[in-house]
Amino acid sequence: MNCEECGKRPATLHLTKIVNGEKTEYHICEQCAHEKGDVFTGFHNFSINNLLSGLLKFDPMQKNGRETATNKPLQCETCGLTYAQFSKSGRFGCSDCYTFLGDRLDPLFRRIHGNTQHSGKVPERTGSKLKIRKELEQLKQALQSHVASEEFEKAAEMRDRIRALEQKMAQS
């Protein structure tokens with residue numbers, strides 16, 4: 001996509017502005033952005049490190065922004081990286097950093113990803129059997145929990161769904 005201002009250079013800055021529900025998009029090159037001035041200032045210094053650093057300012061081990069006396073700053077025993085250094089760079093120093101900083105990272109991962117455990121994705125075209133197997137496993141676990149809690153009506157529903165999926169697997 002070329003710059004909307006000069007039409008010569010490739011657009012490297014893409015800005016979407018929403019004012020009173022009206023969406024306006026700008027696609028311009030860096031040179032035209034500098035010439036336009038205050039409309040586009042502040043965006044050229046944006047980086048993923050700055051984004052992560054802003055997210056990492058949340059530290060559940062601190063109270064009122066200060067470390068408590070009982071919570072000494074965690075530091076990786078292998079490379080010496082502290083949480084403060086990690087929050088500035090957004091990068092680990094070595095493979096052991098995750099272990100040493102793990103307690104502070106779980107709330108961050110929960111905020112960013114919604115969970116602390118990666119469940120993965122299955123491609124739509126190639127993973128239909130794998131999806132069915134996963135669903136079967138989940139249904140069997142649900143069936144066991146319903147039987148254990150003596151919810152036999154729900155258990156019967158799970159059993160029927162399991163049978164239907166098993167037939168679907170046998171046909172494909």
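Our subject is the structure that appears above.
Residues numbered from 1 in each chain as written. Predicted model: local features only at pLDDT ≥ 70, side-chain atom pairs only at ≥ 80, totals over all residues. Heavy atoms only, no water.

Turning to the packing of aromatic side chains, a few remarks are in order. Using the criterion set out here, one finds three aromatic pairs in the structure. Measuring from centroid to centroid gives 4.8 Å for Phe-86 and Phe-92, while their planes differ by 10°, and the two rings are stacked. Aromatic pair Phe-92 and Tyr-98: ring centres 6.3 Å apart, planes at 90°, arrangement edge-to-face. Taken together, the ring pairs connect Tyr-83, Phe-86, Phe-92 and Tyr-98 into an aromatic cluster. (Phe/Tyr/Trp six-rings, centres within 6.5 Å; stacked < 30°, edge-to-face > 60°.)

Right, let's talk about the pairing of strand β1 (residues 13–19) for a bit. The two faces of the sheet receive side chains in turn, since in a regular strand these alternate between them. With seven bridges connecting them, β1 and strand β2 (residues 22–28) associate as antiparallel partners. Bridge pairing links Leu-15 to Tyr-26 in β2. With antiparallel pairing between neighbouring strands as the criterion, β1 and β2 make up a hairpin whose turn holds two residues, including Asn-20 at a positive phi of roughly 50°. (Pairing = 2+ DSSP bridges. Helix = DSSP H or I, 4+ residues; strand = E, 2+ residues; numbered from the N terminus.)

This part covers helix α5 (residues 128–148). Between its first and last C-alpha, α5 extends 30 Å over 21 residues, near the 30 Å set by a 1.5 Å rise per residue. Of the positions making up α5, those classed as buried are Ile-132, Leu-136, Leu-139, Leu-143 and His-146. Here the buried residues of α5 occupy an arc of 90° about the axis, which is enough to place them on one side. Exposed positions of α5 whose direction lies more than 90 degrees from the buried face are Glu-137, Gln-138, Gln-141, Gln-144 and Ala-148. Contact partners of the buried residues in α5: α6 (152–171). Of the residues trailing α5, Glu-150 is marked for its positive phi of about 60°. (Expected span 1.5 Å × (residues − 1). Buried < 20%, exposed > 50% of the residue type's maximum accessible area, 1.4 Å probe, protein only. Arc of directions from axis to C-beta. Contact = heavy atoms within 4.5 Å.)

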